[in-house]
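The lines below spell out each chain.
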There are 2 protein chains.
Amino acid sequence: MNRRPETKKEYHLLLGVVLFLFLLMAGCLQTRSLKEASWSDESLREAYAKPVAAWPQATLEPGVDPDAELAALNDVPHGIDRNRRELGKQLFFDPILSASNQISCASCHDPDLGWGDGRGQSFGHDRQQGKRNAPTLLNVSRWEHFFWDGRAASLEEQVFGPIQDHLEMNQDLTEMEQELNAIEGYRTAFREAYGVETITRADVATAIADFERTIRSRVSRVDRFINGQTDALTDAELRGLHLFRTKARCLNCHHGPLLSDQQFHNSGQHLMGRPQEDFGRFYVTQDSSHLGQFRTPTLRDVAFTGPYLHHGNIQELREVLTMYNSGMPQIISRRTREAAAVIPVHDPLLQPLGLKDQELNDLLAFLEALSVRPRTVRAPEFPRNEAR
Amino acid sequence: MNRRPETKKEYHLLLGVVLFLFLLMAGCLQTRSLKEASWSDESLREAYAKPVAAWPQATLEPGVDPDAELAALNDVPHGIDRNRRELGKQLFFDPILSASNQISCASCHDPDLGWGDGRGQSFGHDRQQGKRNAPTLLNVSRWEHFFWDGRAASLEEQVFGPIQDHLEMNQDLTEMEQELNAIEGYRTAFREAYGVETITRADVATAIADFERTIRSRVSRVDRFINGQTDALTDAELRGLHLFRTKARCLNCHHGPLLSDQQFHNSGQHLMGRPQEDFGRFYVTQDSSHLGQFRTPTLRDVAFTGPYLHHGNIQELREVLTMYNSGMPQIISRRTREAAAVIPVHDPLLQPLGLKDQELNDLLAFLEALSVRPRTVRAPEFPRNEAR
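These figures come from a predicted structure and were not determined experimentally.

Draft legend 1. Summary view of the overall build of chain A. A count of helical and extended segments in chain A gives 14 helices and two strands. For chain A, buried positions account for 51% of its 388 residues. Looking at chain A as shown, the accessible area adds up to about 19400 Å², and 54% of this sits on carbon and sulfur atoms.

Right under this line is the structure:
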């Protein structure tokens, strides 16, 4: 039961508080609508002509690093020894690393396909269908953990995942060592790169990982804009950049040079109760609060690294934006929901955005300005014994 | 030695002729410049709101079929028996058709990649690198000959090309028959589809070919426009359509429902004297007038069937347009030219076009309006014996 205010003084106080809150709210609403309405293309360009730190304030939610911001991906030398790099490249493209000697790392990570495979879900040994989309290897040196569920903590550890996986390259590592040691060209290459007489799995992992660290995006027009070339973006792209940081709420998860917070989120795409059900991070941690969480993917070169999302069911980037615009709700049938002990917690960062068609187009233009086709990389010659 | 005109009458006649020719030329020039200048977006839309036969006149060169024109790709039922279609689909996706049992038709013709493989040049057995780009299978039932060089006259004949090729699936056909006959599920499927007790290569070819005949583009916005929905194209796309038929000269080779004349042309891309040298049609006919000729590719769904050209060296459609704009010259080094007995004849249909940036954008918009993502097709289950 509510207590009734008993004196006139209390009434006045309550009235004052209500009035104050009302005015505060009205003020906020006005500021907000002014903010949204007040940007002409010219004023937006002026505001963004400044260094990143002086850009209009971004819309970041509580709990998100308040320093989260876009950052250029400036090309720094990788400092990896040429012998190791070239050896790693051979191993990366060589199908000898698979049980059937037909599948290589490059089968799912092809430079022509943005260092992914362009397919919804990858397939491997005996053309068995995998469940997830092959992520790009561009800028892989910058990740803190690997796979959509983050189950590997280093590139070296990651390498043997697909090589041993029965659905992927299906290789026994001892057999792999034997096959490589039987090839004179590989023995010579390992001697030159590592000073060893016998090829071991550990050196194979290091060589491949070191080659992968050299796979990097080219400098995009967004980078050039951040680095001070204020005419590098068109008006539409610039409007997209502003939306990305504000109304579209993208920056909450997509920030830094990779445009990823490198964290795990449940965006409702676990497809619980359906054939493609996938609880992601939960399989690694067994923590039910991680149900349906996947690593925030990079947006670098996103225009040509589709299909999208961990399940790869979405072909068009425009459709991904439409899904985010709707708040990316998690759809779980009533029957599944009632039978479940725990329901995945939908990330509160995801909310319906109310973006209009033109705003979605602007966002798309910005994402395309983040994307530069990688240079063509041709498969190297593989060392083989003459008798082969 | 020139004869001098001897009488006044002759002088007047000559003067009259010269004057007439001059006026004729001036008139042509004026008509031409009027023609190019006179189209507003509104007048263009009005002119193209009519049936195709009443559209503004196309720019077709002598020798090109004067009836060459765009045509809608209306969806007609394929009338292929369900059992044969489903069996063909299994065979198409099943890697058992390759020597290594790892490579299937779908490896290079993947629905997720526009029924191509998205790679510059395809690779096959032992991940050996091929020389040419895998063409899309969309609308393949409409082709009159197959492969970039037209060396097969039917789909059934085409099927065994990649299956037997040592660089591709590397399969022996007798072994293929044995492997299939050893699988009870396949024996049953062939019995139901063909009423046969033994699986033969001929029925394998028919089943795959029949499945491939069901692979078709979806109706695009250009089709809807041709079919009378006059608001199906934007202004830019409509300008692109007009350029396609006139100044950009595309219609000369790209016409009909496939947007291909199904003929062979040398567009100067044979890379003579370089590592990727490829004389195309000449290898089939041994006729030196066919040096460097390749079949005109379809432009259906071209926005997602890259990389482009028979060699697949071009990733971006915009870049292809730029190359055509320059007249697609054939670049042969002086040394190669001097050493050669015969030089490929550059197709005279290809000339520098003088298209401005905006015009290239309009053309690109038109090509994108021709493209609709194919429906997702999932790989079927493969028949396997339980013991396997």
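Draft legend 2. View of the packing of helix H10 (residues 235-245) of chain A against helix H14 (residues 357-369) of chain A. All names here are of chain A. In the contact formed by H10 and H14, the axes pass within 7 Å of each other and the chain directions differ by 100°. The angle between H10 and H14 places the two elements in the roughly perpendicular class. For the pair formed by H10 and H14, the contact residues are Ala236, Glu237, Arg239, Gly240, Leu241, Leu243 and Phe244 on the first element and Gln358, Glu359, Asp362, Leu363, Ala365, Phe366, Leu367 and Ala369 on the second. Tallied by class, residues from the contact of H10 with H14 come to nine nonpolar, two polar and four charged.

Draft legend 3. The arrangement of the domain arrangement of chain A in detail. Residues and elements named next belong to chain A. We note that the domain assignment places domain 1 (41-69 + 218-370) and domain 2 (82-213) within chain A. On a C-alpha basis, the centres of domain 1 and domain 2 stand 29 Å from each other. Of the residues lining the interface, 28 residues belong to domain 1; the matching set on domain 2 comes to 22 residues. In this assembly, domain 1 packs against domain 2 so that about 2100 Å² is buried in total across both faces, 56% of it on carbon and sulfur atoms. The largest per-residue losses of area from domain 1 upon contact with domain 2 belong to Leu258, Gln262 and Arg295, which jointly make up 29% of the total buried on that side. Seen at the junction of domain 1 and domain 2, the total is one salt bridge. Our enumeration of links across domain 1 and domain 2 arrives at twelve residue pairs in polar contact (both at pLDDT 80 or more).

Draft legend 4. The arrangement of the pattern of salt bridges in detail. By the definition in use, this model includes 42 salt bridges over all chains. The partner of glutamate 197 of chain B in a salt bridge is arginine 191 of chain B, and the shortest N-O contact between them spans 3.2 Å. Residue classification places glutamate 197 of chain B among the exposed positions, given a relative accessible area of 53%. Because the salt bridges share partners, they merge into one network encompassing Arg132, Asp149, Arg151 and Asp278 of chain A.

Draft legend 5. Just unusual backbone geometry, in detail. Omega for the peptide link from glycine 306 of chain A to proline 307 of chain A comes to -5°, which places this bond in the cis form. Of note, proline 307 of chain A is situated in the loop between strand E2 (294-295) and helix H12 (317-325). The backbone phi angle of aspartate 301 of chain B is positive, close to 60°, even though this residue is not glycine. Secondary-structure assignment places aspartate 301 of chain B in the loop between strand E2 (294-295) and helix H12 (317-325). With relative accessibility at 0%, the residue aspartate 301 of chain B sits in the buried group.

Draft legend 6. Representation of the state of the cysteines in the model. Applying the stated criterion to the full structure yields zero disulfides over all chains. No disulfide involves cysteine 253 of chain B; its sulfur sits 9.2 Å from the nearest other cysteine sulfur, which is in cysteine 250 of chain B.

Draft legend 7. Representation of the relation of the copies chain A and chain B within the structure. Overlay of chain A on chain B (RMSD 0.0 Å): rotation 180°, translation along the axis 0.0 Å. One copy is carried onto the other by what is essentially a two-fold rotation axis. When the interface residues of chain A are mapped onto chain B, 100% of them are again interface residues, pointing to one common binding face.

Draft legend 8. Summary view of the environment of asparagine 361 of chain B. Summarising the element assignment, asparagine 361 of chain B is placed in helix H14 (residues 357-369). Asparagine 361 of chain B sits in the partly exposed class, given a relative accessible area of 35%.

Draft legend 9. Up close: the packing of aromatic side chains. Under the criterion given, the structure shown has 22 aromatic pairs over all chains. Their ring planes at 55° and their centres at 6.3 Å tell us that phenylalanine 279 of chain A and tyrosine 283 of chain A sit as a pair that is tilted. Residue classification places phenylalanine 279 of chain A among the buried positions, given a relative accessible area of 11%. Plain terms: the ring middles of tryptophan 55 of chain B and phenylalanine 225 of chain B are 6.3 Å apart, the flat faces sit at 45° to each other, and that makes the pair tilted. Of this pair, tryptophan 55 of chain B sits in the loop between helix H2 (41-48) and helix H3 (82-93) while phenylalanine 225 of chain B sits in helix H9 (residues 221-226); the two residues are 170 residues apart in sequence, bridging distant segments of the chain.

Draft legend 10. Representation of the nonpolar core within the structure. Residue and element names in this part refer to chain A. Ranked by internal contacts, the top residues of the largest apolar core, which has 42 residues, are Leu87, Leu91, Phe92, Leu97 and Leu180. Of all the elements in the fold, those that place two or more residues in this core are helix H3 (82-93), helix H4 (105-108), helix H5 (155-164), helix H6 (173-181), helix H7 (184-194) and helix H8 (201-212). A total of six residues in this core trace back to one element, the largest contributor, which is H8. Sequence-distant contacts of leucine 87, that is, excluding residues within four places in its chain, are made with Tyr186, Ala189, Phe190, Ala193, Tyr194 and Ala207.

Conventions used here
Residues numbered from 1 in each chain as written. Chains lettered and ligands numbered in written order. Predicted model: local features only at pLDDT ≥ 70, side-chain atom pairs only at ≥ 80, totals over all residues. Heavy atoms only, no water. Helix = DSSP H or I, 4+ residues; strand = E, 2+ residues; numbered from the N terminus. Buried < 20%, exposed > 50% of the residue type's maximum accessible area, 1.4 Å probe, protein only. Areas by Shrake-Rupley, 256 points an atom, 1.4 Å probe, with all protein chains shown as cover. Axes fitted to C-alpha atoms, helices over the stretch in contact; angles between N-to-C directions. Parallel < 35°, antiparallel > 145°, perpendicular 65-115°, else oblique. Contact = heavy atoms within 4.5 Å. Nonpolar A, V, L, I, M, F, W, Y, C, P; charged D, E, K, R; others polar. Domains from an automatic or database assignment. Buried area = accessible area lost by both parts, 1.4 Å probe. Salt bridge = Lys/Arg side-chain N within 4 Å of Asp/Glu carboxyl O. Polar contact = N/O pair within 3.5 Å; in protein donor to acceptor, adjacent residues only side chain to side chain. Disulfide = S-S within 2.5 Å. Least-squares fit on C-alpha atoms with pLDDT ≥ 70 in both. Phe/Tyr/Trp six-rings, centres within 6.5 Å; stacked < 30°, edge-to-face > 60°. Core = buried A, V, L, I, M, F, W, Y, C linked by side-chain atoms within 4.5 Å.

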